[in-house]
Amino acid sequence: AIKIFKTFLASKLPRNGGRIGGPRATGITFEECLHILRKINHELNDGKECADVLFDHLFGEEKWIVTADEFLTKFLRNKQHERNVTIDDVHKQFGELNSMVLSGGTQRVGKDGKADRTAIDRTAWREHLMSRQNDVFDPEKQRLDVSTLGRPLTE
């Protein structure tokens, strides 16, 4: 990763020996930074996308489909430490994910003809990572809880 970064800087900032700073150097742009990060990710993960690397780590490289039980246990409880999520919550979310055909995925349908609520594939996994349900912003956690202000901040 460091070699990729240094090589990129040397090619973009040759007048300063590849170092950011100095009298005339302006650094790198946001787009150049993204380019470096993508290149590092590509080389470190053998060209796999981050979502696939995480899926492989959690559920196994050979798997294409993950069940609701595995998702609840391995991802929501063990990885994200979500304790108040139930299997019914996962089934509901899987039903929503499987009712959409996004990113070239195929719609998974259960025996009843409705969207499958028991499992998702890698494509639906990627959609989950970008979904509102996986959003880290939780307005409830942003509210001031006066009961937690029992002692000064300096203690």
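About the thresholds
- Counting from 1, residues in each chain are numbered in the order their sequence is written.
- Local features in this predicted model are restricted to residues of pLDDT 70 or higher, and side-chain atom pairs are both shown and tallied only at a pLDDT of 80 or more, whereas totals for entire chains, interfaces and linings draw on every residue.
- With hydrogens and water stripped out, all remaining heavy atoms of the structure feed into the side-chain values.
- Definition used in this section: a nonpolar core is a set of buried Ala, Val, Leu, Ile, Met, Phe, Trp, Tyr and Cys residues joined via side-chain atoms within 4.5 Å.
- Buried residues are those whose accessible area, probed at 1.4 Å on protein chains only, stays under 20% of the maximum for their type, while exposed residues exceed 50% and partly exposed ones sit between those limits.
- The helix count covers DSSP runs of H or I at least four residues long, the strand count covers runs of E at least two residues long, and both are numbered beginning at the N terminus.
- Residue contacts follow a heavy-atom distance rule, with two residues in contact if any of their heavy atoms lie within 4.5 Å.
- One fewer than the residue count of a helix, multiplied by 1.5 Å, yields its expected span.
- Throughout, the arc means the angular range of directions from the helix axis out to the C-beta atoms.
- On a range of 0 to 100, pLDDT expresses the predictor's confidence in each residue.
- Any carboxyl oxygen of Asp or Glu that lies within 4 Å of a side-chain nitrogen of Lys or Arg is treated as forming a salt bridge with it.
- Under this scheme, a helix contributes an axis fitted over its contacting stretch, all axes are lines through C-alpha atoms, and angles between N-to-C directions fall in the 0 to 180 degree range.
- Angular relationships are summarised with four words: roughly parallel below 35 degrees, roughly antiparallel beyond 145, roughly perpendicular across 65 to 115, and oblique for the angles in between.
- Just so you know the grouping, Ala, Val, Leu, Ile, Met, Phe, Trp, Tyr, Cys and Pro go in nonpolar, Asp, Glu, Lys and Arg go in charged, and all remaining residues, Gly too, go in polar.

**A look at the nonpolar core**
- Core analysis: the largest hydrophobic core is formed by 17 residues, its most contacted members being Phe 59, Phe 71, Phe 75, Leu 76, Val 90, Ile 120 and Trp 125.
- If you list the elements that add at least two residues to this core, you get helix H3 (50–59), helix H4 (68–77), helix H5 (87–99) and helix H6 (122–129).
- Ranked by residues supplied to this core, first place goes to H4 with 5 residues.
- With residues near it in sequence (within four places) discarded, Phe 75 still touches Leu 58, Phe 59, Glu 70, Gln 80, Trp 125, His 128, Leu 129 and Asn 134.

**Some words on helix H2 (residues 30–44)**
- Here H2 is 15 residues long and its end C-alpha atoms lie 21 Å apart, about the 21 Å a rise of 1.5 Å per residue gives.
- Burial in H2 covers these residues: Glu 32, Ile 36 and Ile 40. Taken end-on, H2 shows its buried residues confined to a sector of 75°, consistent with a single buried face. Facing away from the buried side of H2, by more than 90 degrees, are the exposed residues Phe 30, Glu 31 and Arg 38.
- Note on H2: the residue one or two positions beyond its end, Asp 46, has a positive phi of about 55°.

**Topic: the environment of Leu 72**
- Checked against the element boundaries, Leu 72 lands in helix H4.
- For Leu 72, a relative accessible area of 7% translates into the label buried.
- Setting aside its immediate chain neighbours within four residues, Leu 72 contacts Arg 77, Val 85, Thr 86, Ile 87 and Val 90.

**Focus on the confidence of the model for the chain**
- On average, the chain scores 75 in pLDDT, and the residues at 70 or more come to 67%.
- Here helix H7 (residues 139–142) stands out as the element of the chain with the lowest mean pLDDT, 66, in contrast to H4, whose mean of 92 is the highest.

**Some details on the pattern of salt bridges**
- Tallied over the entire structure, the rule returns 4 salt bridges.
- With a closest N to O distance of 2.9 Å, Asp 52 and Arg 126 form a salt bridge. Residue Asp 52 is located in helix H3, and its partner Arg 126 is located in helix H6; the two are separated by 74 residues in the primary sequence.
- Residue class for Asp 52 comes out buried when judged on its relative accessible area of 13%.
- Lys 63 is paired through a salt bridge with Glu 70; the nearest N and O atoms lie 2.5 Å apart.

**Side note on the packing of H5 against H6**
- Orientation of H5 relative to H6, taken along the N-to-C sense of each, is 110°, at an axis distance of 10 Å. Classified by the interaxial angle, the pair formed by H5 and H6 is roughly perpendicular. Facing Gln 93, Leu 97 and Asn 98 of H5, the residues of H6 in contact are Ala 124, Glu 127 and His 128.
- Tallied by class, the residues present in the contact of H5 with H6 amount to 2 nonpolar, 3 polar and 1 charged.

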